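Okay, here's what each chain looks like letter by letter:
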Amino acid sequence: MSPPSVKSMEEGRAPSVQYDYEPKTMEGEVEEHIGTVRGLSSRQLQLLAIGGCIGTGLFVGTSTVLTQTGPAPLLMSYIVMASIVWFVMNVLGEMTTYLPIRGVSVPYLIGRFTEPSIGFAAGYNYWYSFAMLLASEVTASGMIIEYWNPPVSVGLWIAIVLVVILLLNVIAVEWYGESEFWFAGLKILAIIGLIILGIVLFFGGGPKHDRLGFRYWQDPGAFNPYLVGGNTGKFLGFWTALIKSGFSFIFSPELITTAAGEVEAPRRNIPKATKRFIYRVFTFYILGSLVIGVTVAYNDPTMLAGVESGGSGAGSSPFVVAIQNAGIGGLNHVVNAAILISAWSSGNAWCYAGSRTLYSLAGEGQAPKIFLRTNRNGVPYVAVIATWLIGLLSFLNLSSSGQTVFYWFTNITTVGGFINWVLIGMAYLRFRKALKFHGMLDMLPFKTPLQPYGTYYVMFVISILTLTNGYAVFFPGRFTASDFLVSYIVFAIFLALYAGHKIWYRTPWMTKVSEVDLFSGKDEIDRLCENDLDREPRNWLERVWWWIF
């Protein structure tokens, strides 16, 4: 199959994914392996998304939110953002379960159900965001190792982390899946342990037997007014916390869709992972944020010093501050190791997601065909290497000016993620309209509750968050050109990608509902997944096992 023609784009038809090609040599011999393989098991998929979700944002990033806004906005923002992520995860689960073809990606679904130019802009927005997040987590890993004061440069640790991530991603998808399974398992054990420890400290079970209760919600208080005083300042604190909480959640729902083309029995395992994802998010993030708020005050001097110094390791983690205040020695090193695993794992996941996004773009004819090349194990190694190379930007942090530049990149990815969540909602609404047009809405292999109302909710809230993410720069005395660019330059990048593609290919403004492609690849998936039916667990032990894996 050849890349989509300009004519097909002009007629408004979404391009079909081009993955099963066989490049030939001059003698006619097959030069490369033909596409990716389904090498991810059910247990690996179940922990893949939550593994990417639990990163330095939860273990360390919460300290910034807590010091700026207080414990109540931190908890409320995580509850609201978890509800948004639930609906994003659900709509992706529906669309991906319907069409889990090889090489599927979120931008592919966006382009297929809306129009090619939107899919193109979303695809490159995803790719550079994943690549920047890889560099961000690798940098964090190096800084976390520095907490132990090793006698060598942080650049060496950055290099080691990068090399390991490359090896895990480039050899075989089973290697990536297995490493993420164990990484995610360790992170889950760590956060569960910290939640239990927080509960113990809450009731006075620490070495000092000091019952904390909700002491810090009373003094210094549940809210730390932001920018202005009074109730307005409290609301601005909540809104700021909601914007910043996006970094902890951003892009995590997309990981299941990214892996859908390489997972076994996709119509059984994708719904299972989708339904379990939100329980884990609520458990880890909401309970984790509650524990943070009751075990450390927002004006704690140790945490404030860590935030002001820009620390990335255990020294600036609110969990560790609470442990040290409780008089528990040695545990800070264990937590620092857990934070290191989280950062390393997240970097591993973003490298995988970025490479598969680039592979998908190449399959749609929107990136050079070289990125379709795979090795004998079905890994798109050229796309992996291209994404990994962007991770070398992590070495910018070896200089003070580089840290400022890198701060821009990491903030840009969060806003880019918000924009893509709005596009996911748009694609899902078009998907539903097309199903309704063909009388197929009741034939979906996987349905989720409260739709399409949940999608409207996501699009409304995220649109406002995206537009107001830099509201603080407009307050008197706070405006700087750099802060304004960090908050809003991603709009210019996205519009440039969209307009450039539309002008070059002269694509329609929106594919007609009657012409939305619901059928390419569906027959093959129907045959593949004909027996992909789940059964109910037979006993309580099996039910617990199924919930975990």
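Calculation rules
Residues numbered from 1 in each chain as written. Predicted model: local features only at pLDDT ≥ 70, side-chain atom pairs only at ≥ 80, totals over all residues. Heavy atoms only, no water. Patch = residues over 30% accessible without salt bridge, like charges linked within 9 Å, V, L, I, M, F, W, Y side chains within 5 Å. Areas by Shrake-Rupley, 256 points an atom, 1.4 Å probe, with all protein chains shown as cover. Salt bridge = Lys/Arg side-chain N within 4 Å of Asp/Glu carboxyl O. Helix = DSSP H or I, 4+ residues; strand = E, 2+ residues; numbered from the N terminus. Buried < 20%, exposed > 50% of the residue type's maximum accessible area, 1.4 Å probe, protein only. Polar contact = N/O pair within 3.5 Å; in protein donor to acceptor, adjacent residues only side chain to side chain. Axes fitted to C-alpha atoms, helices over the stretch in contact; angles between N-to-C directions. Parallel < 35°, antiparallel > 145°, perpendicular 65-115°, else oblique. Left-handed = near helix turned anticlockwise from the far one by under 90°. Contact = heavy atoms within 4.5 Å. pLDDT = per-residue confidence, 0-100. Phe/Tyr/Trp six-rings, centres within 6.5 Å; stacked < 30°, edge-to-face > 60°. Core = buried A, V, L, I, M, F, W, Y, C linked by side-chain atoms within 4.5 Å. Expected span 1.5 Å × (residues − 1).

1. Side note on a nonpolar patch on the surface
Phase 1: Together, I385, L389, L392, F395 and L398 give the surface a local cluster of nonpolar side chains, amounting to about 390 Å² of exposed area.
Phase 2: With respect to the helices and strands, the residue L392 is situated in the loop between α16 (381–390) and α17 (400–437).

2. Let's talk about the side chain of R112
Phase 1: Among the secondary structure elements, R112 is positioned in helix α5 (residues 106–113).
Phase 2: Given a relative accessible area of 1%, R112 falls into the buried group.
Phase 3: Looking at R112, its side chain comes within polar contact range of the main-chain oxygen of S520, at 2.8 Å.

3. With respect to the packing of helix α3 (residues 56–69) against helix α4 (residues 71–98)
Think of two packed helices as two axes; the pair is described by the angle between the axes and how far apart they sit.
Phase 1: Packing of α3 against α4 leaves a shortest axis separation of 8 Å and a crossing angle of 130°. When the interaxial angle is binned, α3 and α4 end up oblique. Two packed elements cross with a definite hand, and for α3 against α4 that hand is right-handed. Taken together, the residues of α4 that come into contact with α3 (itself represented by G57, L58, T62, V65, L66 and T69) are P71, P73, L74 and Y78.

4. Comments concerning the pattern of salt bridges
Phase 1: According to the stated counting rule, one finds 6 salt bridges in the structure shown.
Phase 2: Put simply, D526 and K522 hold a salt bridge, and the shortest N to O gap is 2.9 Å. Placement of both D526 and K522 in helix α20 (residues 522–528) is noted, with a separation of 4 residues, approximately one turn of the helix.
Phase 3: Among the residues examined, D526 registers a relative accessible area of 25% and is labelled partly exposed.
Phase 4: Salt bridges sharing partners connect three or more residues here, namely R267, K522 and D526.

5. Here we look at the confidence of the model for the protein chain
Phase 1: Of the residues in the protein chain, 86% have a pLDDT of 70 or more, and the chain-wide mean is 83.
Phase 2: Taken as a whole, residues 1–33 scores under 50 in pLDDT and shows 70 contacts with residues more than four places along the chain or in a different chain.

6. Some thoughts on the packing of aromatic side chains
Phase 1: This model, assessed by the stated rule, comprises 28 aromatic pairs.
Phase 2: Where F87 meets Y457, the ring centres are 5.9 Å apart and the plane angle is 75°; that geometry is what we call edge-to-face. Of the two residues, F87 is situated in helix α4 and Y457 in helix α18 (residues 453–468); the sequence distance between them amounts to 370 residues.
Phase 3: With relative accessibility at 29%, the residue Y457 sits in the partly exposed group.
Phase 4: An angle of 70° between the planes, with centres 6.1 Å apart, marks the rings of Y471 and F475 as edge-to-face.

7. Description of the nonpolar core
Phase 1: By size, the foremost hydrophobic cluster in this structure holds 157 residues, and its most contacted members are W421 and I424.
Phase 2: Contacts of W421, omitting those with residues within four sequence positions, involve M81, I84, V85, V88, F249, I250, F251, P253, E254 and I462.

8. Considerations on unusual backbone geometry
Phase 1: Residue P220 is bonded to the preceding D219 through a cis peptide linkage, with omega at 15°.
Phase 2: For the bond from Q451 to P452, the omega torsion is 10°, close enough to zero to count as cis.
Phase 3: Despite not being glycine, A265 has its phi angle at roughly 45°, a positive value.
Phase 4: Looking at where A265 falls in the secondary structure, it is placed in the loop between α11 (254–259) and α12 (266–295).
Phase 5: By relative accessible area, which is 16% here, A265 ends up buried.
Phase 6: In this structure, L450 takes a positive phi of about 60° despite not being glycine.
Phase 7: If you trace the backbone, L450 turns up in the loop between α17 and α18.

9. A short note on the side chain of T455
Phase 1: As for its position among the elements, T455 is in helix α18.
Phase 2: For T455, the side chain forms a polar contact with the side chain of Q451, separated by 2.7 Å.
Phase 3: Setting aside chain neighbours within four positions, we find T455 in contact with V91, G425, Y428 and L429.

10. Digging into helix α7 (residues 154–170)
Phase 1: Under the 1.5 Å per step criterion, the end-to-end length of α7 is 25 Å for 17 residues, consistent within 8% with the ideal 24 Å.
Phase 2: All of the buried residues along α7 are V154, G155, I158, V161, L162, I165, L166, L168, N169 and V170.
Phase 3: Check the buried side of α7 and you find it contacts α6 (116–145), α8 (173–202), α15 (331–363) and α16.
Phase 4: Where α7 starts, the residue carrying a side-chain oxygen 3.1 Å from the main-chain nitrogen of G155 turns out to be S153.

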